[in-house]
Amino acid sequence: MNVIMYTFVARDENSSVYAEVSKRLVSTGQWKRLKRDNPRFNLMLGERNRLPFGRLGHEPGLMQLVNYYRGADKLCRKASLVKLIKTTPELSESCSWLPESYVIYPTNLKTPVAPAKNGINHMMNNPKTDEREVFLASYSQKKEAGEGSVWIAKSSAGAKGAGILISSDANELLEFIDNQGQVHVIQKYLEKPLLLEPGHRKFDIRSWVLVDHQYSIYLYKEGVLRTSSEPYDSSDLQDKTSHLTNHCIQKEHSKNYGKYEEGNEMFFDEFSQYLLNSHNTALDSSILPQIKQIIRSCFLCIEPTISTKHLSYQSFQLFGFDFMVDEDLKVWLIEINGAPACAQKLYPELCQGIVDVAISSIFPLSDSSQKPPSQQSPFIKL
């Protein structure tokens, strides 16, 4: 029996996820890795910001698949996500899961400033809009009403806790952005988060989401809490280890790193038990339905822009969604990562899931290479 052979190129030396996917493809015996510049491939595992989308799908007789969606950065850059949600009618009216947010450009870029009233119209009609006046109006209103005056400024393209300031002083936030010299988002800070005990500590939740070539959305069944190792203190906004759960900040600055959870990570089974014991609530019925709804809403509003259903090539992509939970068990979307890393112990299952769901659905393996049918997929279709 002739076994079909497929070919792939791997161009991202820094992606631990796609390094593992590459290994798993080769181990099937039906995938051959080509030199990175060979155009005669079935699959490209490329670099996120250096993909030759215009050259894909033009090789005679070859179906081509790439591991990113063109235009998905609309979800993955903080300023673009805020603008997308505000200017998509079906989202802007019903979106209660993104903290109040404003896109701010530094003054030296001379970006048109939206008026304090009807700022959305300005944003809809201009490719770039500085919302500082709209922000200042909301800031004053909230302060007068005693609704909490703490906000967080985050660099639109920043990662690992860089370009962040937490403050209750509007002018300090705007000056910080002007000095940074790049677009930021100012977001209402969640002042009353759900905290982990012992330790009275903040956490966020990372969920991995796979979108296949048919634009079907899959949630990876396992999630991870990235935890702080210092007590949350709303009166001290300078202590980043109290407020930011990024691994790099906790590892570098907290003397208690790893004290409560190994590597400051808690997985869903332990979190589920914690919620039952401490809050008499179930992860599956209280938090996961909200996470699923937010994920669906984000992808549905961007589908017309990025879908490859009618193109000469196909895409899939793995996303990392970051959430926070407040003391009322309400879930908030914090940001979306377009090239997420993964907790070390999850790599084998997650990467095999990518192969099975996103790659083998287009390039089927012979029966001998297939996993046993009894083995359940780690991805849940939404």
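The preceding data block contains the structure.
Source: prediction; values computed, not measured.

Asks: Before we go on, may I ask you to explain unusual backbone geometry in this structure?
Replies: Negative phi values dominate among residues other than glycine, just as trans dominates among peptide bonds. In this structure, Pro 198 follows Glu 197 across a cis peptide bond, with omega equal to 0°. On the secondary structure map, Pro 198 appears in the loop between β8 (184-188) and β9 (203-211). A positive phi angle, close to 55°, is found at Asn 264, a residue other than glycine. Within the secondary structure layout, Asn 264 lies in the loop between α9 (247-253) and β11 (265-267). By relative accessible area, which is 1% here, Asn 264 ends up buried.

Asks: When you look at empty space enclosed by the protein in this model, what are you seeing that I'm missing?
Replies: Under the definition given, this model contains one cavity of 30 Å³ or more. Of the pockets and cavities examined, the largest cavity occupies roughly 40 Å³. Every residue along the wall of the largest cavity is listed here: Lys 78, Leu 81, Val 82, Leu 98, Lys 154, Val 185, Gln 187, Ile 334 and Glu 335. Secondary structure elements with two or more residues in the lining of the largest cavity: α3 (78-87), β8 and β14 (331-337). In terms of residue count, the dominant contributor to the lining of the largest cavity is α3 (three residues). Per-class residue counts for the lining of the largest cavity are five nonpolar, one polar and three charged.

Asks: Sorry if this is basic, but what is going on with the nonpolar core here?
Replies: Across soluble globular proteins, nonpolar side chains show a tendency to be buried alongside one another. Residues Ile 205, Phe 271, Phe 299, Phe 321 and Leu 333 are the most contacted members of the largest nonpolar core, which totals 52 residues. Contributions of two or more residues to this core are made by α2 (73-76), α3, β9, β10 (217-227), α10 (268-279), α12 (288-306), β13 (317-325) and β14. When residues of this core are assigned to their parent elements, the largest contribution, nine residues, is made by α12. Sequence-distant contacts of Leu 333, that is, excluding residues within four places in its chain, are made with Leu 81, Trp 97, Leu 98, Pro 99, Ile 294, Cys 298, Phe 321, Asp 322 and Phe 323. Listed in part, the 44 residues of the second largest apolar core include Val 21, Trp 208, Cys 351 and Ile 354.

Asks: Would you mind showing me how to read the packing of helix α1 (residues 16-27) against helix α13 (residues 347-359) here?
Replies: How two helices sit against one another is set out by the angle between their axes and by the gap between those axes. Put simply, α1 and α13 touch, their axes get as near as 9 Å, and they point 65° apart. One element, α1, and the other, α13, form an angle in the roughly perpendicular class. Considering only the axes of α1 and α13, their crossing is right-handed. Contacts between α1 and α13 involve Ser 16, Val 17, Glu 20, Val 21, Arg 24 and Leu 25 from the first element and Tyr 347, Pro 348, Cys 351, Gln 352, Ile 354, Val 355 and Ile 359 from the second. Tallied by class, the residues present in the contact of α1 with α13 amount to nine nonpolar, two polar and two charged.

Asks: Just to check I follow, could you spell out the pairing of β14 for this structure?
Replies: Looking down a regular strand, the side chains alternate between one sheet face and the other. In terms of burial, β14 is a largely internal element, five of the seven residues being buried. The turn joining β13 and β14, which pair antiparallel and follow one another in sequence, is formed by five residues; a positive phi near 65° is taken by Leu 329.

Asks: What is the right way to read the pattern of salt bridges from this model?
Replies: Between side chains of opposite charge, pairing is possible as soon as their charged atoms come close. Following the criterion strictly, the structure yields 19 salt bridges and no others. Note that Arg 24 and Glu 20 form a salt bridge whose closest N and O atoms lie 2.7 Å from each other. On the criterion of helical spacing, the pair formed by Arg 24 and Glu 20 is a turn pair, its members being four residues apart in helix α1. Residue classification places Glu 20 among the buried positions, given a relative accessible area of 17%. The salt bridge partner of Lys 142 is Glu 100, with a shortest N-O separation of 2.6 Å. Taken together, the residues Lys 142 in helix α6 (residues 132-145) and Glu 100 in the loop between α4 (89-92) and β5 (101-104) connect sequence positions 42 residues apart. Taken together, the salt bridges that share partners define one network made up of Asp 204, Arg 206, Arg 226 and Asp 322.

Asks: How do you make sense of the packing of aromatic side chains when you look at a structure like this?
Replies: What describes a pair of aromatic rings is the distance from one ring centre to the other and the angle between the planes of the rings. Tallied over the full model, the rule gives 18 aromatic pairs. Ring geometry for Tyr 220 versus Phe 379: centroids 5.5 Å apart, planes at 50°, classification tilted. With a gap of 159 residues between them, Tyr 220 in strand β10 and Phe 379 in strand β15 (residues 379-381) connect regions that are remote in the sequence. Clustering of aromatic rings is evident, with ring pairs tying together Tyr 69, Tyr 215, Phe 299, Phe 319, Phe 321 and Phe 323. Over the aromatic face of Trp 151 sits the side chain of Lys 188, whose NZ or CZ is 5.7 Å from the ring centroid. It is Lys 330 that lies over the ring of Trp 332; its NZ or CZ is 4.6 Å from the centre.

Asks: I tried to follow the sheet that holds strand β3 (residues 43-45) on my own but got confused; where do I start?
Replies: The strands making up a sheet associate through backbone hydrogen bonding, with each pair oriented either parallel or antiparallel. Spatial strand order, β2-β1-β3-β4-β12: five strands in an open sheet with parallel pairing. Each end of this open sheet is capped by a strand with a single partner; those strands are β2 (31-33) and β12 (314-315). Where strand β1 (residues 6-10) lies against β2, three bridges are found, and the strand directions are parallel. From the neighbouring strand, Thr 7 faces β2, where its bridge partner is Lys 32. Here α1 sits on the sheet in contact with β1, β2 and β3, set at roughly 150° to β3.

Parameters and conventions
- Residues numbered from 1 in each chain as written.
- Predicted model: local features only at pLDDT ≥ 70, side-chain atom pairs only at ≥ 80, totals over all residues.
- Heavy atoms only, no water.
- Helix = DSSP H or I, 4+ residues; strand = E, 2+ residues; numbered from the N terminus.
- Buried < 20%, exposed > 50% of the residue type's maximum accessible area, 1.4 Å probe, protein only.
- 1 Å grid on protein atoms, 1.4 Å probe; cavity = no way out; pocket = protein on both sides within 12 Å on 5 of 7 lines; lining within 4 Å.
- Points joined across faces, edges and corners; volume = space filled by probe spheres on them.
- Nonpolar A, V, L, I, M, F, W, Y, C, P; charged D, E, K, R; others polar.
- Core = buried A, V, L, I, M, F, W, Y, C linked by side-chain atoms within 4.5 Å.
- Contact = heavy atoms within 4.5 Å.
- Axes fitted to C-alpha atoms, helices over the stretch in contact; angles between N-to-C directions.
- Parallel < 35°, antiparallel > 145°, perpendicular 65-115°, else oblique.
- Left-handed = near helix turned anticlockwise from the far one by under 90°.
- Pairing = 2+ DSSP bridges.
- Salt bridge = Lys/Arg side-chain N within 4 Å of Asp/Glu carboxyl O.
- Phe/Tyr/Trp six-rings, centres within 6.5 Å; stacked < 30°, edge-to-face > 60°.
- Lys NZ or Arg CZ within 6 Å of the ring centre and 35° of its normal.

Worth remembering: the numbers are spatial, not functional.
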